[in-house]
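Residue-level listing of the chains:
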Amino acid sequence: MHELSVALSILEFAEEEAGRRGTAVEAIHIKIGALSGIVKKALLSAYDLARGNTPLCDCRLVIEEVPIMIHCLACNANRLIPSAQRLCCPDCDTPASEIIQGKELQVVGLELAA
């Protein structure tokens, strides 16, 4: 379950930032892409376990799921893909030349106590 190591890393980052700013963190906002290899439910469970007896025990984890977007050379356009099993343009069926989004695993924001 690599989600536990991801959760621990997220908490470590948030604790360091809280220490630098001298305030508490109320929520951590992250983005996870459909191709990131992270299972949202498993990450939330691991996060709940990892934050247990830490200064961030009351800190929420807010997850934004990022869909897969490819660039289609035939259409010369970016297209959202409904499934990771078929990385082809949904309009013309051309295989994806480039994945634009969907591999993210990013901390995008912290909600700090006032």
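What you see is a predicted model, and the numbers here were worked out from it, not measured in a lab.

Caption draft 1: Here's a closer look at the sheet that holds strand E6 (residues 105-112). Sheet architecture is open: three strands sit in the order E2-E1-E6, paired in mixed fashion. Edge positions in the sheet fall to strand E2 (60-66) and E6, since each has one partner strand and no second. The sheet shows a mean angle of 20 degrees between the axes of neighbouring strands, direction not considered. Here strand E1 (residues 25-33) runs beside E6; their pairing, made up of seven bridges, is antiparallel. Bridging across to E6, Ile-32 finds its partner in Leu-105. Helix H1 (residues 2-21) rests against E1, E2 and E6 of the sheet, and its axis sits at about 40 degrees to E6.

Caption draft 2: Local environment of H1. Compared with the 28 Å implied by 1.5 Å per residue over 20 residues, the 29 Å span of H1 between its first and last C-alpha is a close match. Along H1, the residues that are buried comprise Glu-3, Val-6, Ala-7, Ile-10, Leu-11, Ala-14, Glu-17 and Ala-18. Along the axis of H1, the buried residues cluster in a sector spanning 130 degrees; they form a single face. Turned more than 90 degrees away from the buried face of H1 sit Gly-19 and Arg-20, all of them exposed. Against E1, helix H2 (40-50), E2 and E6 lie the buried residues of H1. Trailing H1 by a residue or two, Gly-22 shows a phi angle of about 65 degrees, which is positive.

Criteria and thresholds
- Residues numbered from 1 in each chain as written.
- Predicted model: local features only at pLDDT ≥ 70, side-chain atom pairs only at ≥ 80, totals over all residues.
- Heavy atoms only, no water.
- Pairing = 2+ DSSP bridges.
- Helix = DSSP H or I, 4+ residues; strand = E, 2+ residues; numbered from the N terminus.
- Axes fitted to C-alpha atoms, helices over the stretch in contact; angles between N-to-C directions.
- Contact = heavy atoms within 4.5 Å.
- Expected span 1.5 Å × (residues − 1).
- Buried < 20%, exposed > 50% of the residue type's maximum accessible area, 1.4 Å probe, protein only.
- Arc of directions from axis to C-beta.

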